[in-house]
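Architecture and fold: a report
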There are 2 protein chains.
Amino acid sequence: MHKIDFPVSKARKYLEPGPVVLLSSQFEDHHDIMTLGWHTILEFSPSLVGCMIAGGNYSHELIRQSGQCVINVPSADLVDSVVAIGNCHGDRLDKFDAFKLTPEPATVVNAPLIKECFASFECQLYDDSMVNRYGLFIFEIVKAHVADKPEFPPTLHYTGEGRFTVMSNTLLDKHRDFKPEMLI
Amino acid sequence: MHKIDFPVSKARKYLEPGPVVLLSSQFEDHHDIMTLGWHTILEFSPSLVGCMIAGGNYSHELIRQSGQCVINVPSADLVDSVVAIGNCHGDRLDKFDAFKLTPEPATVVNAPLIKECFASFECQLYDDSMVNRYGLFIFEIVKAHVADKPEFPPTLHYTGEGRFTVMSNTLLDKHRDFKPEMLI
């Protein structure tokens, strides 16, 4: 995969459709990866995304301490890693080693990118006021790396009970029906 | 479509994959429908969902006043209505009439269900503390109506710039690889 810089204000292109993501985090010499499905874009500029990271996750603690993470988007061929990562705890093993994923240095944050994911969004904690009540971290996406092709890989979308749907390659282009100011 | 009652704690089955939804709302004799893509499940029980509804939308005002809405999930055959609804303003026309959608009475809330959508989730405003800062309404899903088949209709997923991807009918069942306590 050849990855290019991508405008952070357009991160919605990959996150708004609701894919399962792999969140990578690091604090001092501890790192973790977690599988996450509960996230939403909140703003274009600053580029804000809310992620619900429950308190029991090792990542929750690392992100509280470091104030940083990377949101990586896997395509469907990584489903077995996605499931395995979601079913083990990061204080007991090195998930990069265990699942043969490759950490790569990020540009702005200390948390590593996951090389095998087609998109990676470097995040800084922007607002922690909802963390105690809902586990909702609001991050600013400060740097984005996206594979230049294919434009829309088949992403994984979780439906509960161990089952995922997969995004098709059908693209409905309706831009002619949009008002110009809506085409952000 | 034959719709059945659905457990509210399992609303994630249809919302977590990130579909574009149609939000219907009512306050006194004013109603509206808006197209929405920025939402995330936040909790199973109570069944909580966060929706980013920007202040310029007529729905924003109706929901502030009524504290209620219905989240309706359209399948891809409704794409033209979804686009048209997202590109007009509800104080100027009746969107049910204009787009030939059928309002149906909800069970708990005053906002109408949209008959043509395969799933409808009746919502009560649960927490408005993030509305001023981010337009983020946290709702409790209090009643769910879902078509009994097909189990996973081809939902619409917005990617910006007037273009939608469509969910495939590929289902990856990985429940055997999950720890029992993770199979919520």
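On a predicted model such as this, the values are computed, not experimentally measured, just so you know. (Residues numbered from 1 in each chain as written. Chains lettered and ligands numbered in written order. Predicted model: local features only at pLDDT ≥ 70, side-chain atom pairs only at ≥ 80, totals over all residues. Heavy atoms only, no water.)

Brief notes about the interface of chain A and chain B
To be explicit about the condition: Working rule for contacts: check all heavy atoms of both residues, and any pair within 4.5 Å makes them a contact. In short, buried area is how much 1.4 Å probe accessible area vanishes from two parts on joining, totalled over both. A pairing counts as a salt bridge when a side-chain nitrogen of Lys or Arg comes within 4 Å of a carboxyl oxygen of Asp or Glu. Counted as a polar contact is a pair of N or O atoms within 3.5 Å, where, for protein atoms, one must be capable of donating a hydrogen and the other of accepting one, and residues adjacent in sequence contribute only when both atoms are in side chains. Numbering goes from the N terminus for both helices and strands, where a helix is a DSSP run of H or I of at least four residues and a strand is a run of E of at least two. By the convention adopted, Pro, Cys, Tyr, Trp, Phe, Met, Ile, Leu, Val and Ala count as nonpolar, Lys, Arg, Asp and Glu as charged, and the other residues, Gly among them, as polar. When DSSP finds at least two bridges between two strands, those strands are taken to pair.
In this assembly, 56 residues from chain A lie in contact with 56 residues from chain B. For the pair chain A and chain B, the two sides together bury roughly 5,400 Å², of which 59% comes from carbon and sulfur. In this structure, the salt-bridge partner of A:Arg133 is B:Asp127, at a minimum N-O distance of 2.8 Å. One can count 30 residue pairs in polar contact (both at pLDDT 80 or more) joining chain A with chain B. Top element by residues in the side of chain A that touches chain B is strand β12 (residues 163-173) of chain A. It accounts for 10 residues. For the side of chain A that touches chain B, the residue count by class is 26 nonpolar, 15 polar and 15 charged. In the sheet, β12(A) pairs with strand β12 (residues 163-173) of chain B via seven bridges, with the strands oriented antiparallel.

Some points on the pairing of β12(B)
All names here are of chain B. As paired elements, strand β11 (residues 156-158) and β12 share three bridges and run antiparallel to each other. If you follow His157 over to β12, its bridge partner there is Thr165. Here β11 hands over to β12 after four residues, with Gly160 in that stretch at a positive phi of 90°.

Digging into the relation of the copies chain A and chain B
The cut-off we apply is this: Copy-to-copy alignment: least squares on C-alpha atoms, limited to residues at pLDDT 70 or above in both.
Expressed as a screw operation, the relation of chain A to chain B combines 0.0 Å of axial shift with a rotation of 180°, fitting to an RMSD of 0.0 Å. Interpreted geometrically, this transformation is the action of a two-fold axis. Measuring from the rotation axis to each C-alpha of chain A, the shortest distance belongs to A:Gly18, at 1.9 Å. The fraction of interface residues of chain A whose copies in chain B are also interface residues reaches 100%, indicating that both copies meet through the same surface.

A short note on the pattern of salt bridges
What counts here: Under the scheme applied here, a residue whose accessible area is under 20% of the maximum for its type counts as buried, over 50% as exposed, and between as partly exposed, the area being computed with a 1.4 Å probe on protein chains only.
Across all of its chains, the model carries 17 salt bridges over all chains by this definition. A:Glu16 serves as the salt-bridge partner of A:Arg12, at 2.6 Å between the closest nitrogen and oxygen. In this structure A:Arg12 comes out as buried when scored by relative accessible area, which is 9%. When its relative accessible area of 6% is taken as the criterion, A:Glu16 is described as buried. Connected through salt bridges with shared partners, the residues A:Lys13, A:Glu151 and B:Arg163 form a single ionic network.

Some details on the sheet that holds strand β11 (residues 156-158) of chain A
Keep this limit in mind: A fitted line through C-alpha atoms serves as each axis, taken over the contacting stretch for helices, and the angle formed by two N-to-C directions is quoted from 0 to 180°.
Taken in spatial order, the four strands of this open sheet run β11(A)-β12(A)-β12(B)-β11(B), and their pairing is antiparallel. Of all strands in the sheet, those bounded by a partner on one side alone are β11 of chain A together with β11 of chain B. In this sheet, neighbouring strand axes are inclined to one another by 45° on average, regardless of whether the strands run parallel or antiparallel. Along the sheet, helix α3 (residues 79-86) of chain A contacts β11 and β12 of chain A together with β12 of chain B; its crossing angle with β12(A), the most-contacted strand, is approximately 135°. Each of β12 of chain A together with β11 and β12 of chain B touches helix α3 (residues 79-86) of chain B; the most contacted strand, β12(B), lies at about 135° to it.

As for the environment of A:Glu161
For A:Glu161, the position within the fold is in the loop between β11 and β12. Exposure remark for A:Glu161: the relative accessible area of 36% places this residue in the partly exposed category. The sequence separation of A:Glu161 and A:Phe178 amounts to 17 residues, and the corresponding C-alpha distance is 37 Å. Among all residues touching A:Glu161, those that are not within four sequence positions of it are B:Lys10, B:His175, B:Leu183 and B:Ile184.

Remarks on the packing of aromatic side chains
Counted only if it meets this: Aromatic pairs are defined between Phe, Tyr and Trp rings, using the six-membered ring for Trp, whenever the two ring centres lie within 6.5 Å; interplanar angles under 30 degrees are classed as stacked, those over 60 as edge-to-face, and all others as tilted.
Tallied over the entire structure, the rule returns 16 aromatic pairs over all chains. Arranged with centres 5.9 Å apart and planes meeting at 5°, the rings of A:Tyr158 and B:Phe178 form a pair that is stacked. Of this pair, A:Tyr158 sits in strand β11 while B:Phe178 sits in the segment after β12, on two different chains. Accessibility assignment for this pair places A:Tyr158 and B:Phe178 in one class, buried. Between B:Tyr158 and B:Phe164 the ring centres are 4.8 Å apart and the planes differ by 55°, which places this aromatic pair in the tilted class. You'll find B:Tyr158 and B:Phe164 in the same group, each marked buried. Clustering of aromatic rings is evident, with ring pairs tying together A:Phe6, A:Tyr14, A:Phe118 and A:Phe152.

A look at the side chain of A:Ser24
Residue and element names in this part refer to chain A. Among the structural elements, Ser24 can be located in strand β2 (residues 21-27). A distance of 3.0 Å separates the side chain of Ser24 from the side chain of Asn72, its partner in a polar contact. From its side chain, Ser24 meets the backbone oxygen of Pro112 in a polar contact 2.6 Å long. Setting aside chain neighbours within four positions, we find Ser24 in contact with Asp32, Ile33, Cys69, Val70, Asn72, Phe96, Ala111, Pro112 and Ile114.

Description of unusual backbone geometry
Residues and elements named next belong to chain A. Residue Pro46 follows Ser45 across a cis peptide bond; omega there is 5°. If you trace the backbone, Pro46 turns up in the loop between β4 (39-43) and β5 (48-52). A positive phi angle is found at Lys100, which is not glycine, with a value near 55°. Inspection of the secondary structure puts Lys100 in the loop between α4 (95-98) and β7 (103-104).

Points about the environment of B:Glu43
As for its position among the elements, B:Glu43 is in strand β4 (residues 39-43). Judged by relative accessible area, B:Glu43 falls into the partly exposed class, the value being 32%. Taking the C-alpha atoms as reference points, B:Glu43 and B:Arg12, 31 residues apart in sequence, are found 9.1 Å from one another. The contacts of B:Glu43, once residues within four sequence positions are left out, are A:Trp38 and B:Leu48.

On their own, these measurements won't tell you what the molecule is for.
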